[in-house]
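# Summary of the model geometry
Residues per chain are reported as follows:
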Amino acid sequence: MKRLMTLTMIVGAGLVLAACGGDGGSSGALGGTAPPAPAPAPAPAPAPVADAFTVEVEQVLTTTSDTASPISTDSITVTQSETTSPVPLN
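Keep in mind that what you see is a predicted model, and the values were worked out from it rather than measured. (Residues numbered from 1 in each chain as written. Predicted model: local features only at pLDDT ≥ 70, side-chain atom pairs only at ≥ 80, totals over all residues. Heavy atoms only, no water.)

### What to know about the overall build of the protein
- Across its full length, the protein carries 2 helices and 0 strands.
- With 90 residues in all, the protein has 2% of them scored as buried.
- Accessible surface for the protein amounts to roughly 8,500 Å². Of this, 64% is attributable to carbon and sulfur atoms. (Helix = DSSP H or I, 4+ residues; strand = E, 2+ residues; numbered from the N terminus. Buried < 20%, exposed > 50% of the residue type's maximum accessible area, 1.4 Å probe, protein only. Areas by Shrake-Rupley, 256 points an atom, 1.4 Å probe, with all protein chains shown as cover.)

Below, the structure written as structure tokens:
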């Protein structure tokens, strides 16, 4: 009984693996249809509007060295807008 169960499992696994290998389609040379044309590229998103906080932080980041002593950012006023998304720094 165990041999029959083992043989059944091996045959089942072989069938599953054999079914997973092909693409299932026909090529254009064999009379199939041509693949669909690629979709046009989406339009680029408009550049985000940087607020005063982002501009100041970018300025601090570009004018200081990675090895310099830390500087205080307490003087930078944080702006919070309910209508704009965060702006990624480059």
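Let's pick the thread back up.
### Quick notes on the UniProt feature "signal peptide" (unreviewed entry) in the protein
- Cross-referencing UniProt, the feature "signal peptide" (unreviewed entry) maps to residues 1-18 in the present numbering.
- Secondary structure content for residues 1-18 is 94% helix and 0% strand, while the C-alpha to C-alpha distance between its ends is 26 Å. (UniProt positions renumbered as here; feature names shortened; annotations may be inferred.)

### Observations concerning a nonpolar patch on the surface
- A surface patch of nonpolar side chains, amounting to about 300 Å² of accessible area, comprises Leu7, Val11 and Leu15.
- Tracing the chain through its elements places Leu7 in helix α1 (residues 2-19). (Patch = residues over 30% accessible without salt bridge, like charges linked within 9 Å, V, L, I, M, F, W, Y side chains within 5 Å. Salt bridge = Lys/Arg side-chain N within 4 Å of Asp/Glu carboxyl O.)

### Looking at the environment of Thr67
- Assignment of secondary structure puts Thr67 in the segment after α2 (52-63).
- Within the structure, the side chain of Thr67 is placed 3.1 Å from the side chain of Ser65, a separation counted as a polar contact. (Polar contact = N/O pair within 3.5 Å; in protein donor to acceptor, adjacent residues only side chain to side chain.)

### Remarks on the environment of Thr77
- Looking at where Thr77 falls in the secondary structure, it is placed in the segment after α2.
- Exposure remark for Thr77: the relative accessible area of 57% places this residue in the exposed category.
- Spatially, the C-alpha atoms of Thr77 and Glu56 are 9.1 Å apart, while their sequence positions differ by 21 residues.

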